[in-house]
Amino acid sequence: MKALQVLAVTSEMFPLVKTGGLADVVGALPEALLREGVRVRTLIPGYPTVLAAVPATKVMRIGGSLFGGQAQLLSGRVGTANLLVLDAPHLFARSGGPYADHRGRAWPDNAIRFAALSKVAADIAMGALPGFAPDLVHAHDWQAGLTFAYLRFSSGARRPGTVMTIHNLAFQGQFPAETFAHLGLPHEAFAIDGIEYHGGISYLKAGLHYADRVTTVSPSYAAEIRTAEAGMGLDGVIRARGADVSGILNGIDTEAWNPETDPFLAATFDAARIDPRAADKVDLQVRFGLDQDARSPLFGVVSRLTWQKGLDLLLEALPTLLGAGAQLVLLGSGDAELEGAFRAVASAYPERIGCMIGYDEEMSHRVQAGSDALLAPSRFEPCGLTQLCALRYGAVPVVARVGGLSDSVIDANPAALGAGVATGIQFGPVTTEMLRVAIERTVALYNQPSVWRRIQANGMAADVSWRDPARRYAALFRDLLSK
Ligand code: ADP
């Protein structure tokens, strides 16, 4: 089979810059795709952290001015990743996050910053970079969405295939209509059959509308976003694309997430030798200042603290958790109100509830290794990665029955327990009451050690690697190009 050349376009990529699951996916997929005969080069903005981490050489000067400043394209490698870095200091040379300053205020020129990324992506796709002729462009989320609009209206003999992947429909890249005049797109793009959205414009809609295929990160989420409840205003556009929209569940990096070799753990373990996990539980209890009670079921949370993640429901369900004799550790950051509320309950019950506000990669591994169960009560969840890590680490996932959470966890209902295939606990609808029931069910299962062991072992045996997802992406790419 002929190797495919793919240009990936993204605003973040692990380990260079990360605010969420998007970065993990974009970081891990290229290596998995390589095994399927797909070579990926990833275009990413030249944020200071990226420029500092990537020894890169200039491969192209971008002629004239790119949205008001000089820019160049660099090429470099990080590990096995093959990168193209858009070095445009007027857009990306700032301290702070990729989308916002240190205080969380969105950069006022985000519309232009990510239009520039997309414009350069489209130019590369059309052959601007000598020696690189991608067969296909794979752009991620709204930040790269305009790529498809620029491609649609560019002239040239090349017509690479185009695939847009949505990691979270909640982020749509909406800007006022005035922005349109600065984008250099023809007037016809400002239309319902284009990027116009309720009088303004949406970069995500550009991708939904103009990409040959749209994928999202789980089959269930792909189905849910066709409905008004989960479509976030774009369900009509998504329905109109019919079978062009599909879902491919994410994997995780099973090297970085390997309990047999994980350097951050107090004790390593594997499915056949799970007892050392007990030491990780004690370590976690100590680090979070909890009672070192081996028999108390320990629930863990690793999450952004936002409405999406449903952790306000967990706050309401805490009396049930405490009443069942359980403990809780939470690692997360986000909304100030939720941060404050979790700090408050942790100081009210210091020996039972522990909370760390912040982002801490190492600690996230310890939470997965030391918790008995991992909670993910999301109101919606395109895929979710923490439940995949939990499966691999023997922390039984307790998840809302939405999106990728429902696709990756087999609920311990009587049928699944009877067949010996359960890997976790699901609950729905996503309400405090059903979360309470799920916590009670979890504790009841935990108190049956042989049943619990089986659920843990099933989860640890589940394939959460990128192998199967990469096969599916490669098949989709080849199918599209064969048309
Ligand atoms: P989302 O992308 O919506 O935030 P996902 O579950 O898809 O949710 O991905 C979140 C990723 O970020 C996971 O890899 C998770 O382990 C990590 N993560 C989230 N919050 C933290 C935190 N406070 N510290 C360390 N890692 C975190």
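Rules of the game
Residues numbered from 1 in each chain as written. Predicted model: local features only at pLDDT ≥ 70, side-chain atom pairs only at ≥ 80, totals over all residues. Heavy atoms only, no water. Domains from an automatic or database assignment. Contact = heavy atoms within 4.5 Å. Buried area = accessible area lost by both parts, 1.4 Å probe. Salt bridge = Lys/Arg side-chain N within 4 Å of Asp/Glu carboxyl O. Polar contact = N/O pair within 3.5 Å; in protein donor to acceptor, adjacent residues only side chain to side chain. Helix = DSSP H or I, 4+ residues; strand = E, 2+ residues; numbered from the N terminus. Axes fitted to C-alpha atoms, helices over the stretch in contact; angles between N-to-C directions. Parallel < 35°, antiparallel > 145°, perpendicular 65-115°, else oblique. Left-handed = near helix turned anticlockwise from the far one by under 90°. Nonpolar A, V, L, I, M, F, W, Y, C, P; charged D, E, K, R; others polar. Pairing = 2+ DSSP bridges. Buried < 20%, exposed > 50% of the residue type's maximum accessible area, 1.4 Å probe, protein only. Right-handed = clockwise from strand over helix to strand, strands pointing away. Phe/Tyr/Trp six-rings, centres within 6.5 Å; stacked < 30°, edge-to-face > 60°. Near = heavy atom within 4 Å. Areas by Shrake-Rupley, 256 points an atom, 1.4 Å probe, with all protein chains shown as cover. Expected span 1.5 Å × (residues − 1). Bend = angle between axes of the 7 residues up to and from the residue.

**A word on the domain arrangement of the protein chain**
For the protein chain, the domain assignment lists domain 1 (4-251 + 467-482) and domain 2 (277-461). One C-alpha centre belongs to domain 1, the other to domain 2; they are set 33 Å apart. With 19 residues of domain 1 at the interface, the matching set in domain 2 holds 16 residues. A buried area of about 1,200 Å², summed over both sides, lies between domain 1 and domain 2, and 62% of it is on carbon and sulfur atoms. At the boundary of domain 1 with domain 2, the tally comes to 0 salt bridges. For the pair domain 1 and domain 2, the interface holds 7 residue pairs in polar contact (both at pLDDT 80 or more). Broken down by secondary-structure element, the contributors of at least two residues to the side of domain 1 that touches domain 2 are helix H1 (21-34) and helix H7 (219-224).

**Here's the deal with the packing of helix H10 (residues 311-323) against helix H11 (residues 336-348)**
Where H10 meets H11, the axes come as close as 11 Å, and the angle between the chain directions of the two elements is 25°. The orientation of H10 with respect to H11, classified from their angle, is roughly parallel. H10 and H11 meet at a crossing whose hand is left-handed. In contact with Leu-311, Asp-312, Leu-314, Leu-315 and Leu-318 of H10, H11 contributes Leu-338, Ala-341, Phe-342 and Val-345. Here the residues of the contact of H10 with H11 are counted per class, giving 8 nonpolar, no polar and 1 charged.

**Let's talk about the sheet that holds strand E9 (residues 196-197)**
Strand order in the open sheet formed by 3 strands is E8-E10-E9, and the pairing between neighbours is antiparallel. Strands with a single pairing partner mark the edges of an open sheet, and in this sheet they are strand E8 (174-175) and E9. Two strands pair when backbone bridges link them, and E8 and strand E10 (residues 200-202) are joined in this way by 2 bridges, in the antiparallel orientation. Looking at E10, one finds that Phe-175 is bridged to Ile-201. Contacting E8, E9 and E10, helix H6 (residues 203-210) runs over the sheet at an angle of about 60° to E10.

**With respect to the pairing of strand E16 (residues 373-376)**
Burial along E16 is two-sided: Ala-373 and Leu-375 facing one way and Leu-374 and Ala-376 facing the other are all buried. Across 2 bridges, the pairing between strand E13 (residues 298-305) and E16 is parallel. Its bridge partner being in E16, Gly-300 is matched across the sheet by Leu-374. Where E16 and strand E17 (residues 396-400) come together, 4 bridges link them in parallel fashion. Residue pairing for E17: Leu-374 is matched across the bridge by Pro-397.

**Quick word on the pairing of strand E1 (residues 4-9)**
Counting buried positions along E1 yields 5 of 6 residues, so the element is predominantly enclosed. Note: E1 against strand E2 (residues 38-45), 6 bridges, orientation parallel. Its bridge partner lying in E2, Ala-8 is registered against Thr-42. A crossover connection joins E1 to the parallel E2 through H1; in handedness this β-α-β unit is right-handed. Examined bridge by bridge, E1 and strand E6 (residues 136-140) share 4 bridges and lie parallel to one another. Note on E6: the bridge partner recorded for Leu-7 is Val-137.

**Some words on the pattern of salt bridges**
By the definition in use, this model includes 22 salt bridges. For Lys-2, the salt bridge goes to Asp-135, with nearest N and O atoms at 3.4 Å. One end of the pair, Lys-2, is in the segment before E1; the other, Asp-135, is in the loop between helix H4 (110-125) and E6, and 133 residues separate them in sequence. Taking the relative accessible area as the measure of exposure, Asp-135 reaches 22% and is therefore partly exposed. Between Asp-468 and Arg-472 there is a salt bridge whose closest N-O contact spans 2.8 Å. Taken as a pair, Asp-468 and Arg-472 lie in helix H18 (residues 467-482) at a separation of 4 residues, close to a single helical turn. Assessed through its relative accessible area of 35%, Asp-468 is described here as partly exposed. The network of salt bridges with shared partners includes Arg-213, Asp-479 and Lys-483.

**Topic: the packing of aromatic side chains**
Within this structure, the stated rule accounts for 13 aromatic pairs. Note on Phe-175 and Tyr-203: the rings are 4.9 Å apart at their centroids and 55° apart in plane angle, and the pair reads as tilted. Remark: Tyr-203 occurs in helix H6 and Phe-175 occurs in strand E8; sequence separation between them is 28 residues. Taking relative accessible area as the criterion, Phe-175 reaches 17% and is therefore assigned buried. On the numbers, 6.2 Å between centres and 90° between planes, the contact of Phe-269 with Tyr-393 is edge-to-face. Of this pair, Phe-269 sits in the loop between strand E12 (245-247) and helix H9 (277-287) while Tyr-393 sits in helix H13 (residues 386-393), and the two are 124 residues apart along the sequence.

**Observations regarding the site of the ligand**
Residues in close proximity to the ligand total 18 residues, the closest being Gly-21, Arg-304, Lys-309, Gly-358 and Leu-385. Between the ligand and Lys-18, the relevant distance is 3.4 Å, taken from an oxygen atom to a side-chain nitrogen or oxygen of the residue. One of the backbone nitrogen or oxygen atoms of Gly-358 is found 2.8 Å away from a nitrogen atom of the ligand. Surface burial for the ligand is 91%, taken as the share of its 560 Å² of free accessible area covered by protein chains. Mapped onto the shell around the ligand, the elements with two or more residues apiece are H1, E13, strand E14 (327-334) and helix H12 (361-370). A per-element tally of the shell around the ligand places E13 first, with 3 residues. Across the shell around the ligand, the residue classes break down as 4 nonpolar, 8 polar and 6 charged.

**Remarks on H10**
With 13 residues, H10 should reach 18 Å at 1.5 Å per residue; the first-to-last C-alpha distance of 18 Å fits that figure. Within H10, the axis deviates most sharply at Ala-317, by approximately 55°, and proline Pro-319 lies no more than four positions further along. Restricting attention to buried positions, one finds in H10 the residues Leu-311, Leu-313, Leu-314, Ala-317, Leu-318, Thr-320, Leu-321 and Leu-322. Next to the buried residues of H10 lie E13, E14, H11, strand E15 (353-357), E16 and helix H16 (432-446). Directly beyond the C-terminal end of H10, a positive phi value near 80° is found at Gly-325.

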